[in-house]
Structures are given as structure tokens and as C-alpha cells.
Amino acid sequence: MSDVQEATNQLLHVNLHENQRSIHVTESVPRSESEHLRVTIGATVPTGFEQVAADEVREKLRSSCKISKDRGKIYFDISVESLAQVHRLRSVDNLFVVVQELKDFQFKETKEKVLKDFEELAGKLPWSDPLKVWKMNTSFKKKKTKRKKLNQNLSKEKIDNGGDKRDERDVKKELSNNALDSHILDYYEKPAIKEEISTLVGDVLASCKNEDDESSKEDTDPEVLKFRVTCNRAGEKHCFSSNEAARDFGGAVQDYFKWKADMTNFDVEVLLNIHDNEVIVGIALTEESLHRRNITHFGPTTLRSTLAYGMLRLCAPQPSDIIVDPMCGTGAIPIEGATEWFNCFHIAGDNNPLAVNRAANNISSLLTKSQIKEGKLSWGLPIDAIQWDICNLPLRTGSVDIIVTDMPFGKRMGSKKRNWNLYPACLWEMSRICKPGTGRAALLTQDKKCFTKALSGMEHVWRKVHTVWVNIGGLHAAVYLLNRTPQTFVHPSGQDKEELVHKSGIAFENQT
Ligand SMILES: C[S@@+](CC[C@H](N)C(=O)[O-])C[C@H]1O[C@@H](n2cnc3c(N)ncnc32)[C@H](O)[C@@H]1O
């Protein structure tokens, strides 16, 4: 049986009515057929966190992992029985099954020739196993959340380190709005590297179709799958655009399978990833990024859960560790911590009452969700939220094992000018609460200049062990992994104070 026949037969029984789909899908792939199926899974991850994601895959799936030269992606082989576990990975954003990897694609010299090669490629690919996996995956896939555009009031909101000017009634109003309709804001959605992304528009394909074509009858046939092609292209030397590649490859995919192109309401998303001369064809296994979890009450700079996971993982939490995010915003980091490292205790604090309210609401939504899922009262989460000022924390000296925080970049949050005072004061207070010798911290900032200067004056308390360069919504940021040195914290006096002021810029309260 040819590949196309086999793949078409596999898909024949897929019922496209949402609520019945998973039943038909699981029924139509016999267990014996799926038992020994091994495929390569590709995953997009926050750039800079490829190694962290690879470690998670190794630990949880016992599978070795390849980090792509195309930043922000990893690849690993699994047997299909592990598909559900793949969806439970915490460090990955989107998943796809690899149809074929072409490591050294010989791009011809003219655009016409290259596009012709893409057309021919569609019929030569080994679609059958990846399509079986796509079908099995339907029961694991989370459906897309309906997104709302950022509420104008919220986007205009000026929240700064000095606190919000609005009164309690506004806070209450916002909270009730949030409860009714959670805002899904995504400031971090922009591609990490300069990549051209095009999705084949249904109309383009539709207009390529011959009116008398048999396939036009498919419009009314519910058994015909709908698909789209998305092309991600990065590289300087291509003589074609991602749009052209998606269009011509997509046209050939349509002819091959007799699927119907549909830009928004598609069943299958075919991916054409091109990086320099590497071409990878895949089928998407996620409809929306897996970083969309935990958070229902969004703030202006809510961090992706996948990035929060990565930062926590860098600090290797151990059972009974006390883990603090002293500038928690909506609580993305401590909430991810409490769901993944539930044998630790997590403290979320922020000086902005709106942020603390959002964090508390996120914790409570998560609890309600888990109670509904389990159908009983649960134990709760090992987490608490509090309003405080990072410069004066109500925590005992040397009582905290890990600090993980996302500091104000000085762009959407705070100001660069204010950071020159805030950063040294933060690092100083963090060194006080963190356990000498074993304490560690993962601190994210885009204000690297200010951070480096502040850190330079505190080498006796903090040792920088590693820097992870990350891309946050197009901003070049860094996660600094610091170890607390064994030096006991002493409140500086006299000359020591002067030296600290000089070296790191810290402004002590009684300093003029
Ligand atoms: C980049 S945001 C954190 C976003 C957070 N990771 C999230 O997912 O929502 C920085 C946070 O630091 C807080 N912040 C600024 N100055 C502070 C201070 N002196 N004490 C405590 N929190 C402060 C801000 O209110 C803001 O919520």
C-alpha cells in the first residue's frame, strides 16, 4: 500500500465533530499498530532554555535529546505510548511530530526551481506514521483558549514601582472584571529569533483550485480534513519568502491528500521549518502553546510558565526548600513552583497591591480548578502571597534557600533610572535572607548594565555561576544564576557602608 493510501485510510474514520473526535481517533488506530511506533518529536522552548528542556526530557521520558542549531527547538525520539507524558513536559511551548528532517537541502539557484522542489517534496515524504501520531494525539491536545484583545483600560494602566494610583473601588472593579473574563495577554509571544513566519491562507489555495475540480465537492464533505501550512524561515541566503514556500508546498500537500485548505478552522497544521539549508517538515501536536497554564488573571508583564519552570529548574529545588519570588507580579514563578515542586514552600511578594491581588486570584483559580478536576477538596498549594517591599523583607536572615524572580526591566515596568537604586538594594536584601553557602538565585533582567554594576559591589555575598541569554518578546534579556557565598551576612556600618555605596550604588535608608 502506498504511503498516501495508508495515510488516507488511517484518516478515513476521523469524525470532525469536536466531541466525538477523540473516540473515533483512538478507535481507528489499533493498539497493536501503535505499540511499537517510534517517532521524533520536535518542541519549541524559550530560547536559551534548550539545555534545561533537554534535561527535563531526559529525566522524565528517559530519551536523549538533540538541541537544534535553530535556537529555541529540541528534538527527541519517543515511542507513542509516551505521548501523554510529552504533553506534561513543563519546559516546552509547542510540540510537533517530525515527518522528515532534511539536513542539507540543496536549494536551487532560482526561486522557480526551489518552489518546484517544495512541490515535489510533498509527495515524497513519509507521512504515514506521523499522521498516526497526529490522530492519537487528538485526545491529549488542549483546545485553543478564546483570546481577547488586551482590555484598553488595562493596557493604559500605569503601574510603577511607586504603586498604583487607583483606589480600592478600581481594584475591586478590575478583580470582578477579571473573574468574569480573564484577559489573556501575551507580551512574550513574539518570535525569539529573526524568523519569517507565514501561514498559508485558505483563500490563496482556494483561488489556485480549478472550478471543475473534483476537490470542490469536498466543501460539503465532513470527512475531508481541513489543513493549513505554516512556514518558519530563518536564514540569509534564501531566494524565496516563507509565504511562497508555504503556498507552493501547501498546494502540493492539498493535491496529494485532497485535503481542504482552511486558515483558521483546520484539523491538521503542517509545519515547514527552514533554517539555512536545513528543512524540517512536521505536523503540529499543540493548538496553543503549553505555556498557557496556571494563570487566569494576567498583568502587564506576566511571565510564560515555561520560562518560570526553566528558571526554577536552574536552581535545582530540593524537598523542604523555601523558595521566594520577592517581585512576583501575577505570581507566574511561585505558582509554577507550587505545582511542580509541591514538597517545597513558595512565597510570592510584590509591593504593588494590584499585583498581589492578581497573584492571590491566580492561586485561588488554580485551587478551584484542581478541586473541580479531582471532585474533592484538595490540600491546597504550598504557597502564600504577601505585599512587601523587596528592600525591607519581613523574613529572617539566612532563612531562604532559593530566590527566583523577574526584575522590573525598566521598560514596561519601572524605569531604568529607578533601577540604579532598586537593583543594588534588591541584591543586598536578597543576600541577607538567602542561606550562606547553599542559597542560590535565578534573576531575570533586561537591564544588564545596571545589574552587572550592582553585582560587582557584592562579590563577597553573591557569586555568579552562569548566565542564560534569553529573548523576552524581542528583548535581549539574561537570567543570572547566583550562588550565595558562605560569608555570613553582617549589617554594614561606617566605612563598609561607604565602600558598598561606592562599589554597587546601594543607597542605605539613612544615607543622604
Ligand atoms: C517584571 S514584573 C514581574 C512579573 C511577574 N514575573 C509576572 O509573571 O507577573 C516586576 C515586578 O516587580 C514589582 N516591584 C517593583 N519594585 C518592587 C519593590 N520595591 N518591592 C517589591 N516588588 C517590586 C513590580 O510591582 C512588578 O510586579
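What counts and how
- Sequence order as written defines residue numbering, which begins from 1 separately in each chain.
- Reporting of local features is limited, given that this is a predicted model, to residues whose pLDDT is at least 70; pairs of side-chain atoms are given and counted only at 80 or more, and all residues count toward the totals for whole chains, interfaces and linings.
- Excluded from the side-chain calculations are hydrogens and water; all other atoms, namely the structure's heavy atoms, are used.
- Only Phe, Tyr and Trp rings take part, Trp by its six-membered ring, and two of them pair if their centres are within 6.5 Å. Stacked means planes under 30 degrees apart, edge-to-face means over 60, and tilted covers everything else.
- Secondary structure elements follow DSSP: runs of H or I of four or more residues count as helices, runs of E of two or more count as strands, with numbering from the N terminus.
- Burial status follows relative accessibility: with a 1.4 Å probe on protein chains alone, a residue under 20% of its type maximum counts as buried, one over 50% as exposed, and anything between as partly exposed.
- Given the number of residues in a helix, its expected span is that number minus one, multiplied by 1.5 Å.
- When DSSP locates at least two bridges between a pair of strands, those strands are taken to pair.
- With axes taken as lines fitted to C-alpha atoms, and helix axes fitted only over the stretch in contact, angles between N-to-C directions fall between 0 and 180 degrees.
- Every residue pair with non-hydrogen atoms within 4.5 Å of one another is taken to be in contact.

Draft legend 1. Here's a closer look at the packing of aromatic side chains. Counted by the stated rule, this structure contains 14 aromatic pairs. Note on phenylalanine 227 and tryptophan 259: the rings are 5.7 Å apart at their centroids and 55 degrees apart in plane angle, and the pair reads as tilted. Taken as a pair, phenylalanine 227 in strand β6 (residues 226-234) and tryptophan 259 in the loop between α11 (242-257) and β7 (260-261) lie far apart in primary sequence, 32 residues in all. Taking the relative accessible area as the measure of exposure, phenylalanine 227 reaches 0% and is therefore buried. For tryptophan 259, a relative accessible area of 4% translates into the label buried. Measuring from ring centre to ring centre gives 4.9 Å for tyrosine 256 and phenylalanine 257, while their planes differ by 80 degrees; the resulting arrangement is edge-to-face. Here tyrosine 256 falls in the partly exposed class, since its relative accessible area comes to 23%. Since its relative accessible area comes to 6%, phenylalanine 257 is described here as buried. Every member of this aromatic cluster is reached through a ring pair, and the members are Trp127, Phe227, Tyr256, Phe257 and Trp259.

Draft legend 2. Representation of α11 within the structure. Taking 1.5 Å per residue, 16 residues should reach 22 Å; α11 reaches 22 Å between its end C-alpha atoms and fits that length. Most of α11 is tucked away, with 12 of its 16 residues classed as buried. Those residues of α11 lying buried are Ser242, Glu244, Ala245, Ala246, Asp248, Phe249, Gly250, Gly251, Ala252, Val253, Gln254 and Phe257. One or two residues past the end of α11 sits lysine 258, with phi positive at roughly 60 degrees.

Draft legend 3. Structural context of helix α14 (residues 353-374). Under the 1.5 Å per step criterion, the end-to-end length of α14 is 32 Å for 22 residues, consistent within 8% with the ideal 32 Å. The positive-phi residue at the C-terminal boundary of α14 is glycine 375, with phi of around 70 degrees.

Draft legend 4. Highlighting the sheet that holds strand β15 (residues 462-472). As summarised here, the arrangement of the 7 strands in space is β12-β11-β10-β13-β14-β16-β15, forming an open sheet in which the pairing is mixed. Looking at which strands have only one partner, the edges of the open sheet turn out to be β12 (383-387) and β15. When strand polarity is set aside, the average angle formed by the axes of neighbouring strands in this sheet is 15 degrees. Across 5 bridges, strand β13 (residues 402-406) lies against strand β14 (residues 440-445) in parallel orientation. When the bridges of β14 are listed, threonine 405 appears paired with leucine 443. Relative to strand β16 (residues 475-484), helix α16 (residues 448-456) is tilted by about 20 degrees, and along the sheet it contacts β14, β15 and β16.

Draft legend 5. Quick look at the pairing of strand β4 (residues 94-102). In terms of strand pairing, strand β1 (residues 38-44) meets β4 through 4 bridges, oriented antiparallel. Across the sheet, residue threonine 44 finds its bridge partner in β4, namely asparagine 94. Across 6 bridges, β4 lies against strand β9 (residues 278-284) in antiparallel orientation. Across the sheet, the residue bridging to valine 98 is glycine 282, located in β9.

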